[in-house]
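Letter by letter, the chains look like this.
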Amino acid sequence: MSDNSNTRTIGLIMNGVTGRMGTNQHLLRSIAAIRQQGGVKTPSGMIIYPEPVLVGRNAAKLAALCKKTGIERMSTDLDEVLADDFYEIYFDAQITGRRYASVKKAIEAGKHVYCEKPSGTTTEEALDLYRIAKEAGIKHGVVQDKLWLPGMLKLKRLMENDFFGEILSVRGEFGYWVFEGTSIPAQRPSWNYRKEDDGGIIVDMLCHWRYVLDNLFGNVKSVFCLGATHIPERIDEQGKPYKATADDAAYAVFELEGGVIAQFNSSWTTRVRRDDLLTLHVDGTKGSAVAGLRECHIQHYGNTPKPVWNPDIPQPIDFHEDWSKVPYQEDFDNAFKAQWELYLQHVVLDTPFPWGLLEGAKGVQLAELGLESWEKRCLLPVKDLEA
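Calculation criteria
Residues numbered from 1 in each chain as written. Predicted model: local features only at pLDDT ≥ 70, side-chain atom pairs only at ≥ 80, totals over all residues. Heavy atoms only, no water. Helix = DSSP H or I, 4+ residues; strand = E, 2+ residues; numbered from the N terminus. Rg over C-alpha atoms; globule rule 2.2 N^0.38 Å. Buried < 20%, exposed > 50% of the residue type's maximum accessible area, 1.4 Å probe, protein only. Contact = heavy atoms within 4.5 Å. Pairing = 2+ DSSP bridges. Right-handed = clockwise from strand over helix to strand, strands pointing away. Axes fitted to C-alpha atoms, helices over the stretch in contact; angles between N-to-C directions. 1 Å grid on protein atoms, 1.4 Å probe; cavity = no way out; pocket = protein on both sides within 12 Å on 5 of 7 lines; lining within 4 Å. Points joined across faces, edges and corners; volume = space filled by probe spheres on them. Nonpolar A, V, L, I, M, F, W, Y, C, P; charged D, E, K, R; others polar. Phe/Tyr/Trp six-rings, centres within 6.5 Å; stacked < 30°, edge-to-face > 60°.

Q: Got a sec to walk through the overall build of the chain? Specific residues and values, please.
A: The number of helices and strands found in the chain is nine helices and 18 strands. On C-alpha atoms alone, the chain measures out to a radius of gyration of 22 Å, which is about the 21 Å that the 2.2 N^0.38 rule sets for 387 residues. The principal-axis extent of the C-alpha atoms belonging to the chain is close to 75 × 50 × 45 Å. In the chain, which comprises 387 residues, the proportion classed as buried is 52%. Sequence-distant contacts in the chain: of pairs separated by 6 or more residues, those separated by 24 or more amount to 70%.

Structure, rendered in structure tokens:
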């Protein structure tokens, strides 16, 4: 920690960091990285330095993470650390089914809260957390990491410079092949594929697409979604077969405020032949762009080829040739770390942070509507939440 007298140390409870996302993105690449750089350096010269305690059910895993990161404090007793006034912030990266009770308990203990999405298993749960937090007067946030991906930020810059003209449509492709575990081990946890454990790609990914669409292209006004469980049986972490009861693919169409149409295919049963695991193809009257997690390629109106449909001859146009890569213009930090730094400044300096529990509830709302649309085979309106 810095010896600077202008350093503000802030206690942070990190619950659920032994999971894949909690360990890699939130602990190692965010909080540990912030500590290694000496804290968050604010415009005023103040340094905000997080001092975490790692909380979970597995003491051995917690001890290993402490050793790896140099963090000194750990606990398997959430109530004990919530009672400690040193800790001002509670962070939750547990599985979704445990989130509501723990976050609610933290709010009632007077902690500021920051949590992974989905922020609840139902819209009502997620909204209830927002209402409780608002009543308590604490600061709150929900992880919406994709807004800080380099590819998404490059899209935002293009929009700020009116590259697209009028945006007409957005096409999102997300996913990859998640191995069943029969011969090659699965690269995602088995609970993702069990509905009874709050798994499913609709619940997982429509929360993401809500904040991406709302923040970049326009508020979502309606949704039509079809889900599927393409692979009915998988192998769990103990090598035992289990029935996959949750959806592993989703095919959704969204109507946005202003008339933009967005389509998103989300799948854990697809083999990738595109630029990245997530790509957004944006078409506008003046130009188009295809953004991945990091890179972005553009084609201006003046560079657009003029194809003629003729299946009887080899295609004479190389459709990749007339696209240009957006050049290096600025440095981009890890997306999770970038939002963490903004949240820490929000808590300490009261800077704006619009990605709170209400925004998290909107994501849960869209996921629930996606499931309802699939069941009813119909387009559903996305109404404003009554906060």
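Q: I'd like a description of unusual backbone geometry, backed by residues and values.
A: Excluding glycine, residues mostly have negative phi values, and the peptide bonds linking residues are mostly trans. Following Lys 117, the chain continues into Pro 118 via a peptide bond in cis, with omega recorded as -5°. Here Asp 162, not a glycine, exhibits a phi torsion of approximately 55°, which is positive. Among the secondary structure elements, Asp 162 is positioned in the loop between helix H6 (150–160) and strand E8 (167–175). If you check the backbone angles, Asp 350 has positive phi at about 60° while not being a glycine. Turning to its location among the elements, Asp 350 is positioned in the loop between helix H8 (335–349) and helix H9 (357–376).

Q: Before we move on, can you summarise the pairing of strand E6 (residues 112–115) with the specific residues and values?
A: Here E6 shows no split at all, with His 112 and Tyr 114 on one side and Val 113 and Cys 115 on the other all buried. As paired elements, strand E5 (residues 87–92) and E6 share four bridges and run parallel to each other. Opposite Ile 89, over in E6, you have His 112 as the bridge partner. Each parallel crossover has a hand, and the one from E5 via helix H4 (residues 96–108) to E6 is right-handed. Of the pairings in the sheet, the one linking E6 to strand E7 (residues 140–142) comprises three bridges and is parallel in character. Looking at the pairing, Tyr 114 lines up with Gly 141 of E7. Handedness of the E6-helix H5 (residues 123–136)-E7 crossover: right-handed.

Q: Got a sec to walk through the pairing of strand E1 (residues 7–15)? Specific residues and values, please.
A: Summarising burial for E1: seven of the nine residues are buried, a large majority. Note that E1 and strand E3 (residues 47–55) share nine bridges and pair parallel. Along E3, the bridge assignment pairs Thr 7 with Ile 47. In this sheet, E5 lies alongside E1 in parallel orientation, the contact comprising five bridges.

Q: Please provide a residue-by-residue account of the sheet that holds strand E14 (residues 278–284), values included.
A: Reading across from one edge, E17-E16-E15-E14-E8-E13-E12-E9-E18 is the order of the nine strands in this open sheet, with mixed pairing throughout. Edge positions in the sheet fall to strand E17 (324–325) and strand E18 (380–381), since each has one partner strand and no second. Examined bridge by bridge, E8 and strand E13 (residues 261–267) share seven bridges and lie parallel to one another. When the sheet's bridge partners are listed, Arg 171 is paired in E13 with Gln 263. In the packing of helix H7 (residues 201–216) onto the sheet, the strands contacted are E8, strand E9 (220–228), strand E12 (249–256), E13 and E14, and the crossing angle to E13 comes to about 150°. Sitting on the sheet, H9 touches E9, E12 and E18, and the angle it makes with E9 is about 55°.

Q: Lay out the layout of surface pockets in plain terms, naming residues and giving numbers.
A: Estimates place the volume of the second largest pocket at around 390 Å³. Lining the second largest pocket are 13 residues, and of these Arg 274, Asp 275, His 281, Val 290 and His 320 sit closest to its centre. Sorting the residues of the lining of the second largest pocket by element identifies E8 and E14 as the ones contributing at least two each. A total of three residues in the lining of the second largest pocket trace back to one element, the largest contributor, which is E14. Of the residues contributing to the lining of the second largest pocket, the split by class is four nonpolar, four polar and five charged.

Q: So what's going on with the packing of aromatic side chains? Which residues, and what values?
A: What the rule picks out here adds up to 16 aromatic pairs. Considering the side-chain rings of Phe 91 and Tyr 114, the 5.7 Å spacing of their centres and the 40° angle between planes classify their relative orientation as tilted. With Phe 91 in strand E5 and Tyr 114 in strand E6, the pair connects residues that are 23 residues apart, well separated along the chain. Owing to a relative accessible area of 1%, Tyr 114 belongs among the buried residues under this scheme. Here Phe 353 and Trp 355 contribute two aromatic rings whose centre-to-centre distance is 5.0 Å and whose plane-to-plane angle is 85°, an arrangement assigned as edge-to-face. Judged by relative accessible area, which is 9%, Phe 353 ranks as buried. Members of the aromatic cluster, each reached through a chain of ring pairs, are Phe 91, Tyr 114, Trp 148, Trp 340, Tyr 343, Phe 353 and Trp 355.

Q: I'd love a proper account of H6, names of residues and values included.
A: Along H6, the residues that are buried comprise Pro 150, Gly 151, Met 152, Leu 153, Lys 154, Leu 155 and Leu 158. Check the buried side of H6 and you find it contacts H7, E14, strand E15 (287–291) and strand E16 (296–300). Looking at the residues trailing H6, positive phi occurs at Asp 162, about 55°.

Everything listed here is a matter of geometry and, on its own, says nothing about what the molecule does.
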